[in-house]
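# Residue-level structural notes
These are the residues of each chain, in order.
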Amino acid sequence: MGDRQNTIVVKLVKREVDGLGISAKPRTAGNPTVLIEEVIRGGPADQTGMVQPGDSIIAVNGQVIEGLSYLEATKAIRDVEPGQPVELVLRGPKWFNTYLETVRMENGETKAVRVTRPSGPIGALTLLIKRIRGNTFEKRAIRKLQNRGDLPLHNRAVSSTPNGIVPSGCPVTGRKAATVGPAATRRPTRLKNWLNERRLHDTLNAKAASVTPCSHGRCVGSLMRPRPYTAPGYFRPKDEVLQQAKDFIFDYYASLKKSSADDRDRRWADVQAQVEERGVYQLTYDELVYGAKMAWRNSPRCIGRIQWSKLQVFDARDVTTARGMFEAICRHIKWATNGGNLRSAITVFPPRTDGRHDYKVWNGQFMKYAAYEMPDGSILGDPINLDFTEVCQALGWKGAGSGYDLLPLVLSANGEDPEWFDIPKDIVMEVNITHPKYDWFSELGIKWYCVPAVSNMLFDCGGVEFSAAPFSGWYMGTEVGRDLCDVNRLNITETVGRRMGLDIARNSSLWKDAVLVEVNIAVLHSFQSNNVTISDHHTASETFIKHLENEQRLRGGCPSDWVWIVPPMSASLTEVFHQEMAYYLVRPSFEYQDDAWLVHLWRKKPQNPVLLKYAYDENPTRKYRFKEVALAVKFAAVLMKKALDKRVKATILYATETGKSESFASSTLGIFKHAFDAKMMCMDDYDVTELGKEDLVIIVTSTFGNGDPPDNGEAFGQALLHMRHPPGSVGKKKSGSVRRVSSISKASYRRQQNLLRQLRDGGALGKVRYAVFALGSRAYPHFCAFGHAINTLFEELGAERIHPVGEGDELCGQEESFRAWVKGAFKSACERFDVGHDVNMEEANASLLGNDFSWAPGKFHVVQTKGLPETDILEGLSKLHRRTVVSSTVISRTQLQAPESSRQTCLVRLETHGAHELRYVPGDHVGIFPANEERLVREILDRLEQGTNPDCVIQIEAQQEKKSAAGLVKTWTTHERLPPCSLRTALSRYLDITTPPSPQLLLYLAMHATSSRERTELEALGKGGPRYEDWKFEVAPTLLEVLQDFPSLQVPPALLLSQLPVLQQRYYSISSSPHMHPGEIHATVAVVKYRTRGGQGPEHRGVCSNWLNTVKSGDSVPSFIRTAKNFHLPENPSLPVLMVGPGTGIAPLRSFWQQRQVDIKSGTNSMRPPGDMTLVFGCRQSKLDHIYKEEVAQAERDGALSDIHTALSREPGTPKMYVQDILRQQISRKVRDLVLRDGGHIYVCGDVTMATDVCTAVQKILEEHGGMSAARAEDFVNNMKDNNRYHEDIFGVTLKTHEVQDAARKRGASLMVSDGDSTRL
C-alpha cells in the first residue's frame, strides 16, 4: 500500500451512518494538523485493520492537508459523498516505524497487515507505558464509548453552520444530506395540519447543513438519545469555537432592535482575542440570557416553549466550589417554587475550559426519589434511580428507607471529586396525590415533587459548552401520570385498577387506559387544589400550536420532535397529533450528556466497589505545565472579576413638570443600588429601542393637567403607543387624529382586557419586569392617569409587573405613600430576581432619607468665583431645565376686568422677535419662567447666616470621599446644580421659595435651630404623616414664613442653594392666532391672590401671575412653547365646533375664533365652508367680568362665531347659570346632533370642577336625547376623547384653588389609614 518510511496509504469507502469510523482531534503543535484519536469498532477504518489511534492524516484523495487549519483539513473528508472511496495517506506515531508486511493465512491465502514497532528506546518506553495503562495501538475505542455505538468523525467535532443549525435526523423521510459542509439549496419543508388542512412552509429547516443520524431506509428519530455524546475530556479546538462564536455573536446583534455593525465588530474582535489567548471566551450577561432563552426556544422536544422569552437566567459563573453550586441551586429552587406559582428559570455554572475541569450536577433532576433493592428483588421507591441511589450511598449518603426519600444533590466543581448535600426540606414543595371522586386514592400514600428541574444536560452556546446549566419549569400532568404508571417507574397501574374494580385480567377491557385517565385526573386535581402550577395535555397542545404559528411567522419554522411533542395519552384528541413537524437541531441548544458517574475522572481513586464499577479512568494523575496552570488561574480571575462587577440591571425612568418625580426617582435609585446595578434617566433622554433589553424598569412619573404626560415624558409615551400600535396595524383611528397616551387609563384598560389576555404569552417587552409610581392630584378627574397609562402599555407589551402601582397625591400624604411604595417595590424586586440576600434592609430603607447630595453640616459650602461672570439668565435657565429657553419682550399689559372688580385678569402681549422656538398654532401653551417677588427674596436674605455677599457670583462645592493609594481622601468638588450666579439671583430666578417645605427639608432646617423647642417641632413635622399634611394645607407656608415662625433658625446659604426645589415654569394657554398677530404671543392671565388659615393668614400671591402683572413694556420674559397636540382645531374646518370656556378658560378659544376670522377673510377654506363654531362663555357679572366681550361680538359679525351663549353665575336679579346649565337647558339638541350626527368636536377649557360638570352634562344629553344608557354614554364620551374629538385644557391653578384642593384633599385623606408612624394605602 505504500513504500515511504513510517507512511502508509489506506483505501476505504465512506459510509452514510458513521463516515470513515474514526474520531480526530487537532494536534497541539506541529504538522500535520489532524491526529486520529479513536477508531470506532465496526467502522470502515476498523474493518481495514490499517488505521490506529495516534496516526496523522497527511493527505486525502491526493490533496495534501499538511499546513491547513484543522477545519480546512477535516473539510476534505467531510466533503466526500457517502458511498464514495477515500484514499488516506497516514503517518504512524512518532518514535515508531510503520510498514506493511505480507503474511500467509491458515487457508493458504496471503494478506497485507500493518506493523507498528518502536524505532528506539523512547518508542519502547512509550509502548510500555501504554500497555501498563491498557491503551495500546490495537485498542479501537475507549471503554465507555464502546457501549454507545459509532462516533463518526463528522459528529465528533461538528463545525458550526449558517444560522447555528446543527446536523440532525429527520424522522419523517429517513434521509440525510450528503455532506457536513454548507447546506445545498433545498426547498422549504411543507408541513400539513391534517385536522384543519392548514399548511406551513418550514424554511428554517431548509437552512440545516445536514440531517442526521437518519439514513436511507432507516429512521432513528424515536431513539431516546439518538446522537452520540462528546467524549470525556474533549475540548473544542479554537477554529471550531471561533466559527460557532461568530455565528452566535452575529445572530445576537441581529436580534437587537438597535445595534450597529461597529458594536458587533468590536465585540467580535474581543471574542477572537479571548479565544486566541485561552481557547474560550466569556459571554456577557446579556449574551448568556439571549443564548439560554434561544436554547429553550430551539428545544425540539419541549411542548411548553411558548414561555421561552420569560425564562429567568441566574448567572452562577462566579461559583468555584461544590458548596457554592449547592447554594445557587437552593436559591434556584426557592425562586422557581414561588409558593406554588412556579416560574421557569435556569442557573448557569462556569463553562468548560479544557474538558478536565467541568462543573457537573450528577442528578438527572434536582429532586428525585431514591430506589432501594429489597432482599426479595423488588424495588422500593422509583426504580429508574437505582444506579444513582447506589452512587449516593457509596459517597456516604444514607436514606431513611422509605419510598419517597429525596436523593441528595451530588455536585462536582472544577473537575474535583463530587460532594453531596441534602436538599433543605423547607424549600421542597411536594403534593399528596388525591382524587376528586375516589376517597381511597389518598390511602395509597402517593406524593410527588412540584418543580421539575432537568440538571444533567449540556448547554451549548456560541461555541462555549456549559456542562452544568440546570433549568426548571412546571409539569404537564401526563408527565407525572407516566412516572406513576410506567412499569419501570412506580407502576401503580394494577393497584389502582383493582381498587377501581376493573377487569384487569383482559387487555381488551382497556382497564389500563381507564386507570391512566383517573391517575392523570388525580394529578391535576392534587396540584390545582394546592395552587401549584401545572398544565393539562390538551391546553399544552393548544399553546404549542400557537407557538408553532408564532415561530413560523417570526423566523420561518420551529424545530419539533413529533414523537416527544404528542402527549402520551389522548394523542389523537390533541391537535399536535395531526400536525406534521420538522425535526432538526438549532444552536444554542441543550444536549444530552453521559451520566456524570460514568465519565468522571477521579482525582482520588475511590475505594468503594460501587464507584470502582463506574470509574471511568483509573489513571487520572497528570502533571500540568506552568503555562496551563497560569492560563487557568488567569481565566478564573477574569470570571471572578466579571462576577463581582455583575448585578441585575435596574433602570429608573422619570418624567416631571415640577421636579418632584425626579426627586422621588433619585430616592428610588438610592435604595435600589443596594442590590441592583441601578441607573436613573429622564424619559426624554432614554433610548426607547433599548427597552426590550432591560431586566427591571422602575417608572416614576407625574401627570400633567387632565391626564396628559409631562413634557419630558410625552415622547416616551408616544413611543410605547407606537410599539403597541405599530404603523399599518388594524385600527379605527380616523385620519388626522392623535392617539392620546392618557386615554390608556383605567377606563380604557377595562375595555382592552380581552386583547390583553391574548398578548400575555409574549410581546416586545416579554423579558422586562417593571413597577410604576404615579404622582398626581385628586383635584383632577384623571388622577395619576399617565402613570396608569404607562402601566397598561407595559402590560400590553408583555412586561411583568412585580409590584402594585403606587399613587402619590400631592394634596395628601404623597411623601408617605412614596416611601411605603418604594420599600415594597424594592423587596418585591429582590424576591423576583433572587438578589439582595446580604442586604441590610434597615440600611437600605434609611437611604430614602439621603443620597450623595443630601444635606449634612459641613458637607457643602459656598465659594466666591474669581473673575467668573454671572451666567446669563436665559443660558442658566436652559441649562438648569435642560430645554431651550428664549427671550420674548413685553409689548403691553392690559387689564381686562372692570376697575371696580375685586379680581384682576390681564392680557399680556409678548413679542417673539421671529424666534423659531416660539412658533405655535392655536391651542398651544406658552411656558414662562417667572421671578420670585423681590420683597420675599430680600427678607429671606436678611434672615440667613451672614458672611456671604448676596450680590457676588458664587458656586456651591460638595465634599466627597475618593479612594486613593493612601486610603479615603476627602475633596471638594463643584456641585453643578445651579449655574454660577449670585445668591440673590439664585433665590430670585432659580429656586422655589413659595412652595411649603417638604418633610426632608424641614429635617435639614431642624439641624440649624438653636431653640430645642423649635428643633423638636421641626423634627415632628419632618416625619411627615397627618400632622405635616394638616400643617401644609392649613398654613401653606412659604420659606420666609417658616423662617419667621421659627426665629432661632440660623440657616447657611449653602443649605438653600443645595436643597431648595427648583423654580418651575408656568403654562398659559395662548390667546392669539399667529396669523392675526404675527410675531406675537398673547396670554390671558388671572392674577392669583388668596389668604391661608381660614382667611386670617398672610396674603399669598401666585408667583408668575403677579410677576406678569408687574412687568413693563420692553421687559424680557423667558419663554418656550409647549405643543398641545390634543387641543388643536380639527383638520377639516367644515366640522362643527362647540367651545366651552368660563373665565380665563376663554383664552385658547380666542385663538380659535381669531384663526377662523383670518381664514374667512383670506378665503383659505373657500372650497369647504367652515362649520358652525359655537361659544359657551361663563362669568360672574356681565359688567365686571365679561372679558373680550367686544371681540366676541366682532367675531360673530365676521361670521367666525355662529352662536354665542353666556352663563352668568352672580348677575343681580337673575338665577345662577353655569356653562353646563347652558348645554343642558338651551342647546341640548344642538349638542346631540353635533356629537352623533355631524362628527363635530367639543373643546373645554377651565378649572377641574367645571370640566367635570361639562363632561357629565354631555353624557346626560346623550342619555336624555340620544337614547343611551348611562354606561353607554360614558363609554361614548371616553371614545370621543380617545379619538381626539373631545378636547380638554384644564388649569392647574384657578381663582378657587383652595376650595378645589380642600375637597380633593378630603377625598384623598379618606383613602388613607394611619397606623402609628407608618401610612398604608
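Preceding this paragraph is the structure being described.
Structure report, in brief.

Backbone-to-backbone hydrogen bonds join strands into a sheet, with any given pair of strands oriented parallel or antiparallel. In space, the three strands of this open sheet follow the order S14-S17-S18, with antiparallel pairing throughout. Of all strands in the sheet, those bounded by a partner on one side alone are strand S14 (360-361) and strand S18 (419-421). Along the sheet, helix H9 (residues 322-337) makes contact with S14, strand S17 (409-412) and S18, crossing S17 at roughly 135°.

Within the element layout of this structure, Ala269 appears in helix H7 (residues 261-278). Accessibility expressed as a relative area gives 39% for Ala269, which makes it partly exposed. In this structure the C-alpha to C-alpha distance between Ala269 and Lys246, which are 23 residues apart in sequence, comes to 9.9 Å.

Here we take up the side chain of Gln1059. With respect to the element layout, Gln1059 can be found in helix H33 (residues 1053-1059). Judged by relative accessible area, which is 17%, Gln1059 ranks as buried. A polar contact is formed between the side chain of Gln1059 and the side chain of Ser1058, at a distance of 3.2 Å.

This part is about the packing of aromatic side chains. What the rule picks out here adds up to 36 aromatic pairs. Both rings, one in Phe248 and one in Tyr290, keep their centres 5.7 Å apart while their planes meet at 45°; by these two values the pair is tilted. With Phe248 in helix H6 (residues 238-255) and Tyr290 in helix H8 (residues 285-297), this residue pair connects regions lying 42 residues apart in the sequence. Given a relative accessible area of 5%, Phe248 falls into the buried group. Owing to a relative accessible area of 18%, Tyr290 belongs among the buried residues under this scheme. Arranged with centres 4.8 Å apart and planes meeting at 10°, the rings of Phe326 and Phe421 form a pair that is stacked. Of this pair, Phe326 sits in helix H9 while Phe421 sits in strand S18; the two residues are 95 residues apart in sequence, bridging distant segments of the chain. Here the aromatic cluster, defined as three or more aromatic residues joined through ring pairs, consists of Tyr369, Tyr404, Trp448, Tyr449, Tyr475 and Phe527.

As for its position among the elements, Arg297 is in helix H8. You can call Arg297 buried: its relative accessible area is 10%. Residues Arg297 and Ser589, 292 residues apart in the sequence, show an inter-C-alpha distance of 8.6 Å.

Time to look at the nonpolar core. A general feature of soluble globular proteins is that nonpolar side chains tend to end up buried together. Ranked by internal contacts, the top residues of the largest apolar core, which has 53 residues, are Met325, Phe349, Leu411, Leu484, Val519 and Phe527. Of all the secondary structure elements, the ones that give two or more residues to this core are H9, S17, strand S20 (447-449), helix H11 (477-485) and helix H13 (511-529). Sorting elements by how many residues they give to this core places H9 first, with eight residues. When neighbours within four sequence positions are excluded, Val519 is seen to be in contact with Phe441, Gly481, Leu484, Cys485, Ile492 and Val496. Counting 49 residues, the second largest nonpolar core, distinct from the first, contains Phe704, Leu877, Ala1009 and Phe1120.

Below, the discussion takes up the sheet that holds strand S48 (residues 1173-1179). Spatially, five strands are ordered S49-S48-S47-S50-S51 in an open sheet, and the strand pairing comes out parallel. At either margin of the open sheet sits one strand with a lone partner, and together these are strand S49 (1203-1208) and strand S51 (1286-1290). Strand-to-strand, the axes of this sheet are offset by a mean angle of 10°, without reference to chain direction. Sheet analysis places strand S47 (residues 1137-1142) next to S48, joined by six bridges and oriented parallel. Paired with Pro1142 across the strands is Gly1178, a residue of S48.

At their nearest, the axes of helix H19 (residues 660-672) and helix H24 (residues 814-833) sit 10 Å apart, and the two run at 35° to each other. You can see that H19 and H24 cross each other, and the crossing is right-handed. From H19, Lys660, Phe664, Ser667, Thr668, Ile671 and Phe672 reach across to H24, where they touch Gln814, Glu815, Phe818, Val822, Ala825, Phe826 and Ala829.

Now for the packing of helix H40 (residues 1248-1266) against helix H41 (residues 1270-1282). Running from amino to carboxyl end, H40 crosses H41 at an angle of 125°, the nearest separation of the two axes being 9 Å. As judged from the angle between their axes, H40 and H41 are oblique. Viewed along their axes, H40 and H41 form a crossing whose handedness is right-handed. Contacts between H40 and H41 pair Cys1255, Val1258, Gln1259, Leu1262 and Glu1263 from the former with Ala1270, Ala1273, Glu1274, Phe1276, Val1277 and Lys1281 from the latter.

Rules of the game
- Residues numbered from 1 in each chain as written.
- Predicted model: local features only at pLDDT ≥ 70, side-chain atom pairs only at ≥ 80, totals over all residues.
- Heavy atoms only, no water.
- Pairing = 2+ DSSP bridges.
- Helix = DSSP H or I, 4+ residues; strand = E, 2+ residues; numbered from the N terminus.
- Contact = heavy atoms within 4.5 Å.
- Axes fitted to C-alpha atoms, helices over the stretch in contact; angles between N-to-C directions.
- Buried < 20%, exposed > 50% of the residue type's maximum accessible area, 1.4 Å probe, protein only.
- Polar contact = N/O pair within 3.5 Å; in protein donor to acceptor, adjacent residues only side chain to side chain.
- Phe/Tyr/Trp six-rings, centres within 6.5 Å; stacked < 30°, edge-to-face > 60°.
- Core = buried A, V, L, I, M, F, W, Y, C linked by side-chain atoms within 4.5 Å.
- Left-handed = near helix turned anticlockwise from the far one by under 90°.
- Parallel < 35°, antiparallel > 145°, perpendicular 65-115°, else oblique.

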